Amino acid sequence: MNSQTGSGVDSRTQAARILQRVIYHGESLSTALPDNSDSLTRDLCYGCLRWHEPLSAILGTLLSRSLKKKDKDIECLLRVGLYQIIYQNTPDHAAVNETVKALKGLKKPWAKKLLNGVMRQFLRKQDELLTAINTQEAVRYACPEWLLGKIKKSWPENWQSILDESSQRAPMTLRVNLARLSREEYLAKLTANDIHAKPVESTPSAIELAQPVNVHALPGFDQGEVSVQDAAAQMAAFLLDCKEGMQVLDACAAPGGKTGHILESARNLSLTAIDSSPERLKRVSQNLERLGLDAELIAIDA
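Everything numeric in this text was worked out from a predicted model, so none of it was measured.

Caption draft 1: Layout of the overall build of the protein. The secondary structure content of the protein amounts to 15 helices and seven strands. Over its C-alpha trace the protein gives a radius of gyration of 21 Å, about what one expects of a compact globule, namely 19 Å for 302 residues. Dimensions of the protein, computed from the C-alpha atoms along their principal axes, are close to 65 × 50 × 40 Å. When the 302 residues of the protein are sorted by exposure, 44% land in the buried category. Nonlocal contacts in the protein, meaning residues at least 24 apart in sequence, comprise 64% of its contacts between residues at least 6 apart. As displayed, the protein offers around 16100 Å² of accessible surface, 51% of which is attributable to carbon and sulfur atoms.

Caption draft 2: Local environment of the sheet that holds strand β5 (residues 247–250). Here we have three strands laid out as an open sheet, ordered β5-β6-β7, and parallel in their pairing. Looking at which strands have only one partner, the edges of the open sheet turn out to be β5 and β7 (296–299). The mean angle between the axes of side-by-side strands here comes to 15 degrees, regardless of whether they run parallel or antiparallel. Two elements, β5 and strand β6 (residues 270–275), share four bridges in a ladder whose sense is parallel. Residue pairing in the sheet places Val248 in a bridge with Leu271 of β6. Of the strands in this sheet, β5 and β6 touch helix α14 (residues 257–265), which is tilted by about 175 degrees from β6.

Caption draft 3: Spatial organisation of the pairing of β6. Most of β6 sits inside the fold, with five of its six residues counted as buried. Regarding the hand of the β-α-β motif, the stretch spanning β5, α14 and β6 is right-handed. Of the pairings in the sheet, the one linking β6 to β7 comprises four bridges and is parallel in character. Bridge pairing in β7 links Thr272 to Glu296. Of the crossover connections in this fold, the one passing from β6 over helix α15 (residues 278–291) to the parallel β7 is right-handed.

Caption draft 4: Structural context of α14. Every buried residue of α14 is accounted for by Thr259, Gly260, His261, Ile262, Leu263 and Glu264. At its buried positions, α14 is contacted by β1 (173–176), α13 (231–240), β5, β6 and α15.

Caption draft 5: Region of the structure containing the packing of aromatic side chains. What the rule picks out here adds up to three aromatic pairs. Plain terms: the ring middles of Trp51 and Tyr87 are 4.6 Å apart, the flat faces sit at 10 degrees to each other, and that makes the pair stacked. One end of the pair, Trp51, is in the loop between α3 (39–50) and α4 (52–62); the other, Tyr87, is in helix α5 (residues 72–87), with 36 residues separating them in the sequence. By the ring-pair criterion, three or more aromatic residues cluster together here, those being Trp51, Tyr83 and Tyr87. Positioned over the ring face of Trp159 is Lys152, at 4.8 Å from the centre of the ring.

Caption draft 6: Structural view of the packing of helix α1 (residues 8–25) against α5. The N-to-C vectors of α1 and α5 enclose an angle of 115 degrees; their axes lie 8 Å apart at closest approach. Judged by the twist between their axes, the crossing of α1 over α5 is right-handed. Between α1 and α5, the contacting residues are Arg12, Ala15, Ala16, Leu19, Gln20, Ile23 and Tyr24 on the first element and Lys72, Asp73, Glu75, Cys76, Leu77, Arg79, Val80 and Gln84 on the second. Here the contact of α1 with α5 is composed, by residue class, of eight nonpolar, two polar and five charged.

Caption draft 7: Spotlight on the packing of α4 against α5. Between α4 and α5, the shortest axis-to-axis distance is 10 Å and the interhelical angle comes to 110 degrees. With respect to each other, α4 and α5 are oriented roughly perpendicular. The handedness of the crossing between α4 and α5 comes out as right-handed. Contacts between α4 and α5 involve His52, Pro54, Leu55, Ser56, Ile58 and Leu59 from the former and Glu75, Leu78, Arg79, Leu82, Tyr83, Ile86 and Tyr87 from the latter. Of the residues in the contact of α4 with α5, the class split is nine nonpolar, two polar and two charged.

Caption draft 8: The arrangement of the side chain of Arg283 in detail. Summarising the element assignment, Arg283 is placed in helix α15. Apart from the residues lying within four places of it in its own chain, the contact partners of Arg283 are Ser30, Thr31, Leu33, Asp35 and Pro255.

The rules behind the values
- Residues numbered from 1 in each chain as written.
- Predicted model: local features only at pLDDT ≥ 70, side-chain atom pairs only at ≥ 80, totals over all residues.
- Heavy atoms only, no water.
- Helix = DSSP H or I, 4+ residues; strand = E, 2+ residues; numbered from the N terminus.
- Rg over C-alpha atoms; globule rule 2.2 N^0.38 Å.
- Buried < 20%, exposed > 50% of the residue type's maximum accessible area, 1.4 Å probe, protein only.
- Contact = heavy atoms within 4.5 Å.
- Areas by Shrake-Rupley, 256 points an atom, 1.4 Å probe, with all protein chains shown as cover.
- Pairing = 2+ DSSP bridges.
- Axes fitted to C-alpha atoms, helices over the stretch in contact; angles between N-to-C directions.
- Right-handed = clockwise from strand over helix to strand, strands pointing away.
- Phe/Tyr/Trp six-rings, centres within 6.5 Å; stacked < 30°, edge-to-face > 60°.
- Lys NZ or Arg CZ within 6 Å of the ring centre and 35° of its normal.
- Left-handed = near helix turned anticlockwise from the far one by under 90°.
- Nonpolar A, V, L, I, M, F, W, Y, C, P; charged D, E, K, R; others polar.
- Parallel < 35°, antiparallel > 145°, perpendicular 65-115°, else oblique.

The following block contains the structure:
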């Protein structure tokens, strides 16, 4: 499915399946979410995981018993519907109807009554439920207890502002392949394609988009001129400061953003990229192929 052919119902179904793989099978979203997924699917997945703690608290209150492991896709579809009501301000009737329609893709029509009942119960008690769960700090700050405790201990003076900022939607940031062209040249290409962006001053290769776009709409993406990577993550290759001919070991390499950036940063590097997951290493291989770069890939626990 791509952004041209996907429907809202299809997006909800796909998002529920992806969330099930991430939440209940321990898969990384970077591997579970296909590169060609449409913008709604991506938003639903990122949003439901960003607000995982409050959504889990709500479902814990509304569901009389936990669903069987094989039916966790239904629970994840409920997460999608609740996310749209609470955080996307989707009209109530539309969120309920579209969520129930998405059951068809999961091939579990028996759950229609459950979905309807849970979502309508939430709508009846919305204010009461949200007030109740927000008394828990982990829910209010959308942060798991173990991490919340570490942040409070490390930054006792401003942990609240740190957690507030961490819940904000991250911008879509690009890394220009400076081995191919300058950042200014790529900004000009974006302007020519009516894509609004600005340079990130702290990182020489980084560009921040005003609005997210499908990666295949980016000029030169398929030819390796640009990649999607957080600006802070881009600093790793600059701080490493590789020189021509060096040998480099990239541990925990998947999905390969830093791997590609390191190889772009200096000529004739001999790079070995390792990761404990053979499946995730496939993403490294795909990213390097798009960039026209080579590295030795080894699946092993570092």
